[in-house]
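Chain by chain, the residues:
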Amino acid sequence: MQNSIANLFAPVRVGRHTLKNRIVMGPMTRSRADHDGVPTPIVAEHYAQRARAGLIITEGVYPSPVGKGYVRTPGIHSQAQVDAWRQVADAIHRAGSLIFMQIMHTGRVSHPSLLPGEALPVAPSAVRAEGRIWTNDDTQKVMVQPRALALEEIPQIIAEYRDATEKALAAGFDGVELHGASGYLPEQFLSSATNRRSDAYGGDIRNRARFVLEVIEAMVQVAGNDRVGIKIAPELGLNGVSDDSPWETYSCLVRKLDELNLAYLHIGYFGAKTDYRKQLRPLFRGPILIGGGLKKSSAESLIQDGTADAAVFALPFIANPDLPDRLQKGLPLSVPDKSTFYTPGPKGYTDYPAASDH
Ligand SMILES: Cc1cc2nc3c(=O)[nH]c(=O)nc-3n(C[C@H](O)[C@H](O)[C@H](O)COP(=O)(O)O)c2cc1C
């Protein structure tokens, strides 16, 4: 492993890029776009404040209007969105960091009121997710039974990921990450409970993994393998996904991903009985990013023992824009205000001070 035996603050090669340190800002939906999915100007400011990270992964961004799952989330299908994202990428580059866009199609985790023409959300199969979702009028609505994608519609969905990748690169992004976790469309295909198809995209794991792999291949076609990463979070169980044999599913998927020589594999680990961080490491030869409740000491030991090449911190970046400095100097961390995670405007978004401002 090219990146082992180093600390959090040493540079690391990730695909085409060299990160200045091994602290990655993890993807976080913060709902600061307008109703057309255009990021507002504070989005550039927010990310630029956090550019001490070696790499920033954006919040989930929908590739097409039907991929939208939450109020005020951003997209990457219109020219206005591309123009706004260019401001974000430029701000990060000026501040001396790198930024990947996370492409997130939420599939069945949506609601007709968020979709064009009040359309039904799409999914591999017509299996409803339990729970409610925040919609455009800022009320929570019960998720509906999605419409199963017809076989002949799937190439179009995959093409939307390719177009989104092209637009992210046109906006100046350094790469793209496929959101393959949290129960959204790719994981709906991957997981046995949400995929009841009997065609080439359903059934055994080779078929259930087909959608994810074809999406990744489409993204690679435009960005190159060294600018595409994927996030997985086995057994997280968010948004009602579950799998009959998760180890078989994820070991099979990761072996296939390994053949594609991607920029990185991002593993979110949330304390499942199988320690996927350790178990998947030998199956993937490229850089591995690991996140999920990390502290400085746990991040350092994952890097020192070669399990991870870089450590992903999400939540701690909300109230600590200068998180890498605070970790390096051993300064105390501020606690974020949950009530402003998804509210519009700068409060709880761009107004957390750096330690040096106190
Ligand atoms: C407010 C919030 C929004 C999130 N949105 C996303 C998202 O859009 N995409 C994603 O992959 N994960 C998302 N996550 C999960 C984080 O990326 C990360 O996996 C999780 O918070 C665990 O890491 P942490 O303990 O360092 O926060 C979100 C987490 C939070 C707290």
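Keep in mind it's a predicted model, so treat the numbers as computed, not measured.

Student: Could you clarify how one ought to interpret unusual backbone geometry in this entry?
Tutor: Among all residues save glycine, negative phi is the norm, and among peptide bonds the norm is trans. Even without being glycine, Asp138 reaches a positive phi, approximately 60°. Along the chain, Asp138 turns up in the loop between strand S7 (132-134) and strand S8 (140-142). Even without glycine at this site, Asn261 takes up a positive phi of about 55°. The residue Asn261 is located in the loop between helix H7 (246-259) and strand S12 (264-268) in this model.

Student: Can you help me understand the packing of aromatic side chains in this one?
Tutor: Between two aromatic rings, the relevant description is the distance of the centres plus the angle of the planes. Scanning all chains against the criterion turns up 9 aromatic pairs. With a centroid separation of 6.3 Å and an interplanar angle of 70°, the aromatic rings of Tyr161 and Phe211 are classed as edge-to-face. Placement of Tyr161 in helix H3 (residues 154-170) and of Phe211 in helix H6 (residues 210-223) is noted, with a sequence separation of 50 residues between them. Like Tyr161, the residue Phe211 is buried in the burial classification. Here the aromatic rings of Phe189 and Tyr201 are separated by 6.3 Å at their centres, their planes lie at 70°, and the arrangement is edge-to-face. Highlighted residues: Phe189 in helix H4 (residues 185-190) and Tyr201 in the loop between H4 and helix H5 (205-208), separated in sequence by 12 residues. Assessed through its relative accessible area of 9%, Tyr201 is described here as buried. Put simply, the rings of Tyr161, Phe189, Tyr201 and Phe211 pair up and form one aromatic cluster.

Student: Sorry if this is basic, but what is going on with the site of the ligand here?
Tutor: Near the ligand there are 16 residues, and of these Pro27, Thr29, Gln102, Gly293 and Leu315 occur at the shortest range. In this structure, His179 approaches the ligand through a side-chain N or O atom, which is 3.0 Å from an oxygen atom. Here an oxygen atom of the ligand sits 2.9 Å away from a polar atom, N or O, in the main chain of Ala314. Coverage of the ligand by the protein amounts to 83% of the 610 Å² it exposes when considered alone. Here the residues of the shell around the ligand sort into 9 nonpolar, 6 polar and 1 charged.

Student: Is there a simple way to think about H7 in this case?
Tutor: Every α-helix winds through 3.6 residues per turn, so residues three or four apart in the chain are directed the same way. Over its 14 residues, H7 runs 20 Å from end to end, which matches the ideal 20 Å to within 8%, given 1.5 Å per residue. For H7, the full list of buried residues reads Pro246, Thr249, Tyr250, Ser251, Cys252, Leu253, Val254, Leu257 and Asp258. Note on H7: the residue one or two positions beyond its end, Asn261, has a positive phi of about 55°.

What counts and what doesn't
Residues numbered from 1 in each chain as written. Predicted model: local features only at pLDDT ≥ 70, side-chain atom pairs only at ≥ 80, totals over all residues. Heavy atoms only, no water. Helix = DSSP H or I, 4+ residues; strand = E, 2+ residues; numbered from the N terminus. Phe/Tyr/Trp six-rings, centres within 6.5 Å; stacked < 30°, edge-to-face > 60°. Buried < 20%, exposed > 50% of the residue type's maximum accessible area, 1.4 Å probe, protein only. Near = heavy atom within 4 Å. Polar contact = N/O pair within 3.5 Å; in protein donor to acceptor, adjacent residues only side chain to side chain. Areas by Shrake-Rupley, 256 points an atom, 1.4 Å probe, with all protein chains shown as cover. Nonpolar A, V, L, I, M, F, W, Y, C, P; charged D, E, K, R; others polar. Expected span 1.5 Å × (residues − 1).

Keep in mind these values describe shape, not function.
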